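# Reading the structure
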Amino acid sequence: MQTKITKIDPDKPELLEIHCHSVSDEVREIVAFVKSRQGQLTATADERQYEIAITDIFYIESVDNKTFIYTKGKVYESRQRLYELEEVLKNNRFLRVSKSTVLNLMKVSAIKPALNSRFTAVLFSGEQIVISRKYVPALKKALKGEA
Amino acid sequence: MAFKRFLVLHLQLYCVLVTLIFAASYIVGMIFAPEQNISYSQLVGPFILAGLCVLPTFITYFRKEPTLKQFIIRSVIQLAVIEVIVLFFIQPPENTIAALFYLLIGAIVLVIYVLAKLTVWLNKYLQSKKLTEQLRDFQANESP
């Protein structure tokens, strides 16, 4: 894919236009990255498309190869895979906390002990998310600002 | 769980067990043979016994995340194996009722096992408390 950047006058709105043969995963990834830079993600709910503010997202979960975005009281489905969203959101205080979940650290009210070496993240919505032991070191690093 | 982390956790468990076995030896000794003296060589006993009690936990090492059911089953198997090891290695002193002695030792092992698990859980509780504090600092620093 070729890239072309054209400088425009400050009074004109900035626009990113993609000319492609088909809307491939690569194209979706580029669009998702641009939207995430603007603080938004595209997802569907009730057969309608929504732009969700990243700051409104509590967590993102992958279930049966589908990706769901959870906000306060509403669930959206994303066409992107969990690892793609993880990549896009890693600079937005989101962290992978289990094989199937990416968590918004800004929406966690407390961390509690769970079975074995696991912890549970209690969200401001009251929901509880399991933090797998594999991801605990990454969480510790992230909280110390080392991630 | 990484094997290194597993080893660190079990080293902690070993240290807790050594302490608790020393305490239990004192209690049992005071009940069954309060007038008996022990030699320095016998002091190594709790270290060996704690090692033997930690060994069964290696058999049930989980690479993947266990479910609640798996966790409970594993704990019951661990306790059963530990009871067998301890009762096999400890002999009742002379002039004591063997059944009563073994029953008491079995009960003490159960108490020690529960206390060891509680200690590990307490350690985890303190860790989670620290993580929550770090999380609040992180949120305060990252808020726009």
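Provided above is the structure to which this section pertains.
Residues numbered from 1 in each chain as written. Chains lettered and ligands numbered in written order. Predicted model: local features only at pLDDT ≥ 70, side-chain atom pairs only at ≥ 80, totals over all residues. Heavy atoms only, no water.

### A short note on the overall build of chain A
The number of helices and strands found in chain A is 3 helices and 10 strands. When the 147 residues of chain A are sorted by exposure, 40% land in the buried category. For chain A, the exposed surface amounts to about 9,600 Å²; the carbon and sulfur share of it is 47%. (Helix = DSSP H or I, 4+ residues; strand = E, 2+ residues; numbered from the N terminus. Buried < 20%, exposed > 50% of the residue type's maximum accessible area, 1.4 Å probe, protein only. Areas by Shrake-Rupley, 256 points an atom, 1.4 Å probe, with all protein chains shown as cover.)

### A few points about a nonpolar patch on the surface
A cluster of nonpolar side chains, contributed by Phe-22, Ile-38, Tyr-40, Leu-43, Val-44, Phe-47 and Ile-48 of chain B, occupies part of the molecular surface with about 730 Å² of accessible area. Tracing the sequence through the fold places Tyr-40 of chain B in the loop between α1 (3-32) and α2 (45-59). (Patch = residues over 30% accessible without salt bridge, like charges linked within 9 Å, V, L, I, M, F, W, Y side chains within 5 Å. Salt bridge = Lys/Arg side-chain N within 4 Å of Asp/Glu carboxyl O.)

### Focus: the layout of surface pockets
Regions of empty space are outlined by a rolling probe, equal in size to a water molecule, passed over the atoms. Size it by volume and the second largest pocket reaches roughly 1,000 Å³. Class assignment of the residues belonging to the lining of the second largest pocket gives a composition of 11 nonpolar, 5 polar and 8 charged. (1 Å grid on protein atoms, 1.4 Å probe; cavity = no way out; pocket = protein on both sides within 12 Å on 5 of 7 lines; lining within 4 Å. Points joined across faces, edges and corners; volume = space filled by probe spheres on them. Nonpolar A, V, L, I, M, F, W, Y, C, P; charged D, E, K, R; others polar.)

### Considering the pattern of salt bridges
Residue and element names in this part refer to chain A. Applying the stated criterion across every chain, the model contains 2 salt bridges over all chains. The salt bridge partner of Arg-96 is Glu-86, with a shortest N-O separation of 3.0 Å. Residue Arg-96 is located in strand β6 (residues 94-98), and its partner Glu-86 is located in helix α2 (residues 82-89); the two are separated by 10 residues in the primary sequence. Residue class for Arg-96 comes out buried when judged on its relative accessible area of 14%. Put simply, Glu-87 and Lys-90 hold a salt bridge, and the shortest N to O gap is 2.8 Å. On the basis of relative accessible area, Glu-87 is assigned to the partly exposed category, the value being 48%.

### Let's talk about the sheet that holds strand β8 (residues 108-113) of chain A
The strands making up a sheet are joined through hydrogen bonds of the backbone, oriented either antiparallel or parallel. Spatially, β8-β9-β10 (chain A) is the arrangement adopted by the 3 strands of the open sheet, whose pairing is antiparallel. Edge positions in the sheet fall to β8 and β10 (128-131) of chain A, since each of these pairs with one other strand and no more. Strand after strand, the sheet turns through a mean of 25° between neighbouring axes, direction not considered. Both β8 of chain A and strand β9 (residues 119-123) of chain A contribute to a ladder of 5 bridges, which runs antiparallel. Its bridge partner lying in β9 of chain A, Ala-110 of chain A is registered against Val-122 of chain A. Helix α4 (residues 98-142) of chain B contacts β8 and β9 of chain A of the sheet and is inclined by roughly 165° relative to β8 of chain A. (Pairing = 2+ DSSP bridges. Axes fitted to C-alpha atoms, helices over the stretch in contact; angles between N-to-C directions. Contact = heavy atoms within 4.5 Å.)

### Focus on the packing of helix α3 (residues 136-143) of chain A against α4 of chain B
Contact geometry for α3 of chain A and α4 of chain B: axes closest at 9 Å, N-to-C directions at 40°. The angle between the axes of α3 of chain A and α4 of chain B places the two elements in the oblique class. Regarding α3 of chain A and α4 of chain B, the two cross each other, and that crossing is left-handed. On α4 of chain B, the residues touching Leu-139, Lys-140, Ala-142 and Leu-143 of chain A of α3 of chain A are Gln-127, Leu-131, Gln-134, Leu-135 and Phe-138 of chain B. Partitioned by chemical class, the residues of the contact of α3 of chain A with α4 of chain B number 6 nonpolar, 2 polar and 1 charged. (Parallel < 35°, antiparallel > 145°, perpendicular 65-115°, else oblique. Left-handed = near helix turned anticlockwise from the far one by under 90°.)

Function-wise, these values are silent; they only describe arrangement.
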